[in-house]
Amino acid sequence: METVIKEIDQEKKVISGAEATILSLLAEGVDLLFGYPGGAIMPIYDSLYGYQDKLKHVLTRHEQGAIHAAQGYARVSRKPGVVFATSGPGATNLITGLADAKIDSTPLVCITGQVASSLLGTDAFQETDIISLSMQATKWNIQVTKAEEIPEAIAKAFYISTSGRPGPVLVDITKDAQFAELEFKYKKCKGFRSYNPQPKVDEDKIKKAADLINEAKKPFVLFGQGVILGAAEKEFKAFIEKTGIPSAWTILGLSALPTDHPLNVGMLGMHGNYGPNKLTNECDVLIAVGMRFDDRVTGNLNTYAKQAKVVHLEIDAAEIDKNVKTEVAVIGNAKESLQLLTAQCQANEHTDWLEKFNALSQIEYNKVISQELNPEKPGLTMGEVIRRVNEKTDGNAVVVTDVGQHQMVACRYAKFNKTKSNITSGGLGTMGFCLPAALGAKLGAPDREVVAVIGDGGFQMTIQELGTIFQSQAAVKIIILNNEFLGMVRQWQQLFFDKRYSSTELVNPDFVAIAKGFGIEASSVESRTDLDQSIQQMFAHDGPYLLEVMVEKEDNVFPMVPTGASVDQIRLE
C-alpha cells in the first residue's frame, strides 16, 4: 500500500478528493468494502474504477445489507468494515446498522456522499443532515467540505473506530470536495488530544481485585465480547484455569472460551442456562470481564447479585456503576488487565462450587434439553437441527444468527472451538442482520465454514441479499428454521397474553423457489428421517446453499427469565 502512495506522490502530486478517499483507504490496508452507488458519491465510485485490482467492492442490494455485511466482516476478521453509500436515503438506510454496531462495539468506517456544500441546508435533492441523524448511532462523525481535509478525516476515522472500545464512525463528504483537487499526503492517526482509548491499568485496583478473588468461596466469572475485542482469549483462559472459577458468557462473549471447557458453565440471561442464572444470586464475588450488565443478563436489578462483591474489568469507564454497583473497577484493555490480575491471584480449585453448576445443569438437561432433542417428538425442533449441524462442523464453523427463538436456540446448542465464531445482533436485536452479516463473515474468513441460521421472519427483511451472495459466490450455508410465526413474539403472547396471537403468524412464500431464482441451490425438509441427508447435502455442495427446515410451529425456548423477574426466578417450563 505504501508503494501505491509513493507512486501517486511521484506521478500525480495533485489529485481529486475522490481519488484521495480511495488512496486513504488503501493506506489503511483496506482491500474489501461494501456499498451501493448513487449521485452524491459517484465521483468516489469513479475513482474506485481505477483501483479495482487493489480494492474489491461488494455491491449489495440495499445499504442496510452493506452495513450488516461490513459488521459480519469486522467481527470475524478483527479489521474495520468499510461501507460506501450515497446521500439522502442511501445514508439514512445505514442508521440501523450504525446503531447495531454502536451498541455491539463493532468497528466500521462508513463514507457517505453529500450534496455540494453550496446546497447544504437548502433541502436539495437527496439531501439529509446525516451528521445530526447519525450522531447518537456513531462513536464519531464528521462532515468534510474541502478536499484537503479528506485524508486527515479518514485517518482519524480509522483510529477512533478501532481504538479503545471499537465502534462505527461516519465521514460525510460533499460532492464538491470529491471533485476538488489537493496535494495528497497521508499520515496515519496515532492519537489526539482529549481522547485516551487505552487507559493505564491501576495496579492498586488489580491488587484489591486479586485479594477479593483469593478470599472468595463462591466466585463466579461473567465474560462478554470485551475478551474477544481485546484479543484476550488466551489470557482469559489462563485466568480462570489458575483460579478455578466457573465462568458464564453473554451471547456476544460466546466462543471466547471453547464450549466444552470444564469451567464453561453456559449462557447468562433471559434464555440462558439454569445454573448460571440461579447461582448469580448465590456467589460471593462476581467478576465481570468485558461485559456491560445488559438488562437481558441482569433481569431485575433490584434483586441482582446483592450478596456479591462485584469486580468489573472494562475498557469503557462509562460502563462502570452504570447498572451494577462495583466493589472494584479495573479500567483498561482486558488483555493487560487479565495478565496483571492472574499474576496476583492464587492457584485454586472450587470443586464443590463448580459441582453446584453441574447439578443444576443436569436438572436443565432432564427437564428441557432432553425434551428439546427428543427424537420421539412429532415434529422437528430447532435444537435438534443445531445438534445435527454441530455433528457436521465439529464445532469449527462460524455461526451467524438473526434475532428471535432460533438465535437463542443456536446460542444455547451450537458448539464452538474457535474464537470469533458466533456472529449475532446482541444489543439492538436487529431482525434482517443475519443474511448480509453471513456474507460479510464468509468474505472475512473465506477458509472457514459459515452457517447462517435464520428465522422465516428475519430472513424476509433482507432476502434481497441472496442476489449479493449469488453475485459474489460466497459459499454461505443458509438454514431457515421455519415455524411460520414470528416465534419469539408468539412465545410471549402465549405465556403472557393468553395466547392472543396478534399479527405474528406468517404466510410465507416458497423460499426454495426464491433461492433458485437467485441462482442458489436449495431444498426443504420437514421429516426427521431426511434431516441428516439434507444437512450433509448442504455442506457437500460447492457454493452457497439454502436449506429450509420446517420445525414445530409452537415450540417455546426455555429456560426463561420473565421480564421484571429476578434471574434466580428462571423458569424451566
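Residues numbered from 1 in each chain as written. Predicted model: local features only at pLDDT ≥ 70, side-chain atom pairs only at ≥ 80, totals over all residues. Heavy atoms only, no water.

Colleague: Please explain the sheet that holds strand 3 (residues 56-59) as it appears in this structure.
Modeller: Across a sheet, paired strands are connected by hydrogen bonds in the backbone, their directions being either parallel or antiparallel. Taken in spatial order, the 6 strands of this open sheet run 3-2-4-5-7-6, and their pairing is parallel. Looking at the sheet topology across the chains shown, the edges are occupied by strand 3 and strand 6 (140-144). The average undirected angle you get between the axes of adjacent strands in this sheet is 20°. Examined bridge by bridge, strand 6 and strand 7 (residues 168-174) share 5 bridges and lie parallel to one another. Its bridge partner being in strand 7, N141 is matched across the sheet by L170. In this fold helix 2 (residues 17-27) packs onto strand 2 (32-35), strand 4 (81-85), strand 5 (108-114) and strand 7, with an angle of close to 170° to the strand it touches most, strand 4. (Pairing = 2+ DSSP bridges. Helix = DSSP H or I, 4+ residues; strand = E, 2+ residues; numbered from the N terminus. Axes fitted to C-alpha atoms, helices over the stretch in contact; angles between N-to-C directions. Contact = heavy atoms within 4.5 Å.)

Colleague: What is the right way to read the pattern of salt bridges from this model?
Modeller: Where charged atoms of side chains with opposite charge meet at close range, the side chains can pair. According to the stated counting rule, one finds 22 salt bridges in the structure shown. Between D532 and R388 there is a salt bridge whose closest N-O contact spans 2.8 Å. With a gap of 144 residues between them, D532 in helix 24 (residues 528-540) and R388 in helix 17 (residues 382-393) connect regions that are remote in the sequence. For D532, a relative accessible area of 35% translates into the label partly exposed. Taking relative accessible area as the criterion, R388 reaches 14% and is therefore assigned buried. (Salt bridge = Lys/Arg side-chain N within 4 Å of Asp/Glu carboxyl O. Buried < 20%, exposed > 50% of the residue type's maximum accessible area, 1.4 Å probe, protein only.)

Colleague: I would appreciate a short explanation of empty space enclosed by the protein in the present structure.
Modeller: The rolling of a water-molecule-sized probe over the atoms marks out the regions of remaining empty space. Evaluated as defined, the whole model comprises 3 cavities of 30 Å³ or more. The volume enclosed by the largest cavity comes to roughly 80 Å³. In this structure, the largest cavity is lined by 14 residues; those nearest its centre are V389, N390, T393, V399 and A414. Residue assignment for the lining of the largest cavity shows that the elements contributing at least two residues are helix 17 and strand 17 (450-455). Tallying contributions element by element places helix 17 first for the lining of the largest cavity, with 4 residues. When the residues that make up the lining of the largest cavity are grouped by side-chain class, the tally is 9 nonpolar, 4 polar and 1 charged. Reported here for the second largest cavity is a volume of approximately 60 Å³. Around the second largest cavity, the lining residues are E372, M382, Q405, V409, N483, E552, D555, N556 and V557. In terms of residue class, the lining of the second largest cavity is made up of 3 nonpolar, 3 polar and 3 charged. (1 Å grid on protein atoms, 1.4 Å probe; cavity = no way out; pocket = protein on both sides within 12 Å on 5 of 7 lines; lining within 4 Å. Points joined across faces, edges and corners; volume = space filled by probe spheres on them. Nonpolar A, V, L, I, M, F, W, Y, C, P; charged D, E, K, R; others polar.)

Colleague: Which parts of the structure should I look at to understand the sheet that holds strand 20 (residues 545-550)?
Modeller: Strand order in the open sheet formed by 6 strands is 16-15-17-18-20-19, with parallel pairing between adjacent strands. Looking along the sheet, the strands with just one partner apiece sit at the ends: strand 16 (422-423) and strand 19 (521-525). Most of the contacts of helix 17 go to strand 18 (residues 477-482), to which it runs at about 160°, and overall it touches strand 17, strand 18 and strand 20. The strands touched by helix 19 (residues 434-444) are strand 15 (398-401), strand 17 and strand 18; relative to strand 17, the strand with the most contacts, the crossing angle is about 175°.

Colleague: For this particular structure, what's the right way to read helix 24?
Modeller: In an α-helix there are 3.6 residues to a turn, and that puts residues three or four apart on one side. Over its 13 residues, helix 24 runs 19 Å from end to end, which matches the ideal 18 Å to within 8%, given 1.5 Å per residue. Here the buried face of helix 24 lies against helix 17, strand 17, strand 18, strand 19 and strand 20. (Expected span 1.5 Å × (residues − 1).)

Colleague: When you look at the layout of surface pockets in this model, what are you seeing that I'm missing?
Modeller: As a volume, the second largest pocket reaches approximately 510 Å³. Forming the boundary of the second largest pocket are 24 residues, of which N273, S361, I369, R412 and K415 lie nearest the centre. Per element, the largest residue contribution to the lining of the second largest pocket is 7 residues, and it comes from helix 16 (residues 351-372). For the lining of the second largest pocket, the residue count by class is 10 nonpolar, 9 polar and 5 charged. If you count residues domain by domain, the lining of the second largest pocket takes at least three from each of domain 2 (203-357) and domain 3 (374-550). (Domains from an automatic or database assignment.)

Colleague: Any chance you could explain the pairing of strand 19 here in plain terms?
Modeller: Consecutive residues of a regular strand have side chains that alternate between opposite faces of the sheet. Note that strand 19 and strand 20 share 5 bridges and pair parallel. Across the sheet, the residue bridging to A522 is L546, located in strand 20. Chirality of the crossover, the property in question, places the unit of strand 19, helix 24 and strand 20 among those that are right-handed. (Right-handed = clockwise from strand over helix to strand, strands pointing away.)

Colleague: Could you clarify how one ought to interpret a negative patch on the surface in this entry?
Modeller: A cluster of acidic side chains, namely D202, E203, D204 and E336, defines a negative patch on the protein surface. Within the secondary structure, E203 is located in helix 10 (residues 203-215). (Patch = residues over 30% accessible without salt bridge, like charges linked within 9 Å, V, L, I, M, F, W, Y side chains within 5 Å. Areas by Shrake-Rupley, 256 points an atom, 1.4 Å probe, with all protein chains shown as cover. Lys, Arg positive; Asp, Glu negative; His and termini not counted. Charge placed at Lys NZ, Arg CZ, Asp CG, Glu CD.)

Colleague: What am I meant to see in the packing of helix 16 against helix 18 (residues 405-413) here?
Modeller: A pair of packed helices can be characterised by two numbers: the angle between their axes and the separation between those axes. For the pair helix 16 and helix 18, interaxial distance at closest approach is 13 Å and the crossing angle is 115°. Remark: the crossing between helix 16 and helix 18 carries left-handed chirality. Across the interface between the two elements, E364, V368, I369 and E372 of helix 16 pack against V409, R412 and Y413 of helix 18. Looking at the contact of helix 16 with helix 18 residue by residue, the classes come out as 4 nonpolar, no polar and 3 charged. (Left-handed = near helix turned anticlockwise from the far one by under 90°.)

Colleague: Would you take a moment to explain the domain arrangement of the chain for this structure?
Modeller: Accessible area lost during the coming together of the parts is what is often quoted as the interface size. You can read the domains of the chain as domain 1 (2-183), domain 2 (203-357) and domain 3 (374-550). Between domain 2 and domain 3, the C-alpha centre-to-centre distance is 31 Å. Taken together, the contact between domain 2 and domain 3 spans 16 residues of the former and 19 residues of the latter. Carbon and sulfur atoms supply 60% of the area buried between domain 2 and domain 3, which totals about 1,400 Å² over both sides. Among the residues of domain 2 in contact with domain 3, I251, S255 and H271 are the three that bury the most area, contributing 37% of the side total. (Buried area = accessible area lost by both parts, 1.4 Å probe.)

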